[in-house]
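Analysis of the macromolecular model
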Amino acid sequence: MKKLMAANWKMHKTRAEARDTARDLVGLIADKLPQDREVLLIPAFTALVDVAQSLAGVPGFLTGAQNFYPETHGAFTGEISPAMLADAGATHVLTGHSERRHVLSESDTMVGRKTAFGLGAGLGVILCVGETIKERQASRVAEVLGRQLSAGLADVSEDLAQRLVVAYEPVWAIGTGVTAQTSDILQAHALVRAKLKELLPVGGASVRILYGGSVKPDNAGEIIGLDNVEGVLVGGASLAADSFSRIVLA
Ligand code: PGA
């Protein structure tokens, strides 16, 4: 299983900035990238074509998008379809990111609809799950992750799940500088793995599980080596090429 090193650029970077960072990353990483790692850059919609073109033909580098609407086309002002993302060069997309759930009020049901639709449209979908600090303090981590995975994968068949990736991102660790303890990561990833095996008895063991939440160059190496961690999803520390290249090669 290749480790997936993903950069979520969120609402940052103009087209020129995204192109520059992509080009710098290729320069810093391409000839050192281990065979068992791949890099996924996830820019804003406006920079998708630029990033995909910058990465074209570079082995191990992929382009992804941050969001879409689960319909093929129609009267959905402001939305974008999976086919449009693919046309712009994206092979992957996020669903259920904490900022979509908590800032944009996306429900578990909507996350489930989007996950199945994106996979059905041929994209690799990274379904994000994670508990808030209140839920953790109330010992509800297993319940919350179980609920988010059950709803997120409600319409996902074993066949579709071949393109599925899951990211465990504790909400309290995202953008806060507070990384989860190794023991918290091990425990949460084991819970996610067990639930994946329950929901997908055939393919659940081989779905990659990423960790996200304040991953930095100095903690990436340890995190990536943990059981049931098959990659990282990085926000803040992925914006600068130097910092993200050290994470990818950690
Ligand atoms: P962070 O964001 O690395 O800035 O904590 C991670 C994410 O939101 O995917």
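Our structure is the block above this text.
Anyway, here's the lowdown on the structure attached to this text.

**Details of unusual backbone geometry**
Phi is positive for Lys 13, close to 80°, though the residue is something other than glycine. Among the structural elements, Lys 13 can be located in the loop between β1 (3-8) and α1 (15-29). Unusually for a residue other than glycine, Asn 228 sits at a positive phi of about 65°.

**Comments concerning the site of the ligand**
Among the 13 residues in the neighbourhood of the ligand, the closest are listed as Lys 10, His 97, Glu 169, Gly 175 and Ser 214. The side chain of Lys 10 places a nitrogen or oxygen atom 2.7 Å from an oxygen atom of the ligand. For the shell around the ligand, the residue count by class is 4 nonpolar, 7 polar and 2 charged.

**Details of the nonpolar core**
Leu 41, Phe 61, Leu 164, Leu 196, Tyr 211, Phe 244 and Ile 247 are the most contacted members of the largest nonpolar core, which totals 64 residues. Among the elements that line this core, the one with the most residues is α1, at 5 residues. In this structure, Phe 61 is in contact with Leu 25, Val 26, Ile 29, Ala 30, Leu 33, Val 39 and Leu 55, ignoring residues within four places of it in sequence. Leu 4, Ala 6, Leu 94 and Cys 128 belong to the second-largest nonpolar core, a separate cluster that totals 11 residues.

How each quantity is defined
- Residue positions are given per chain, counting from 1 as you read along its sequence in written order.
- Reporting in this predicted model follows two pLDDT cut-offs: at least 70 for local features of residues, and 80 or more for side-chain atom pairs to be given and counted; totals over whole chains, interfaces and linings ignore these cut-offs and use all residues.
- Side-chain metrics rest on all non-hydrogen atoms present in the structure, leaving aside hydrogens and water.
- Here a helix means four or more residues in a row that DSSP labels H or I, a strand means two or more in a row labelled E, and each is numbered from the N terminus.
- The cutoff for a nearby residue is simple: one of its non-hydrogen atoms must lie within 4 Å of the molecule or strand.
- We define a polar contact as two N or O atoms separated by no more than 3.5 Å, with the added condition that, inside protein, one atom must be a possible hydrogen donor and the other a possible acceptor, whereas residues neighbouring each other in sequence contribute only through side-chain atom pairs.
- Only Asp, Glu, Lys and Arg are considered charged in this grouping, and only Ala, Val, Leu, Ile, Met, Phe, Trp, Tyr, Cys and Pro are considered nonpolar; every other residue, Gly among them, is considered polar.
- Each nonpolar core is a collection of buried residues, namely Ala, Val, Leu, Ile, Met, Phe, Trp, Tyr and Cys, held together in the definition by side-chain atoms within 4.5 Å.
- Burial classification: accessible surface area is computed with a 1.4 Å probe over protein chains only, and a residue below 20% of its type maximum counts as buried, one above 50% as exposed, and the rest as partly exposed.
- In this description, contact between two residues means that some pair of their heavy atoms is separated by no more than 4.5 Å.

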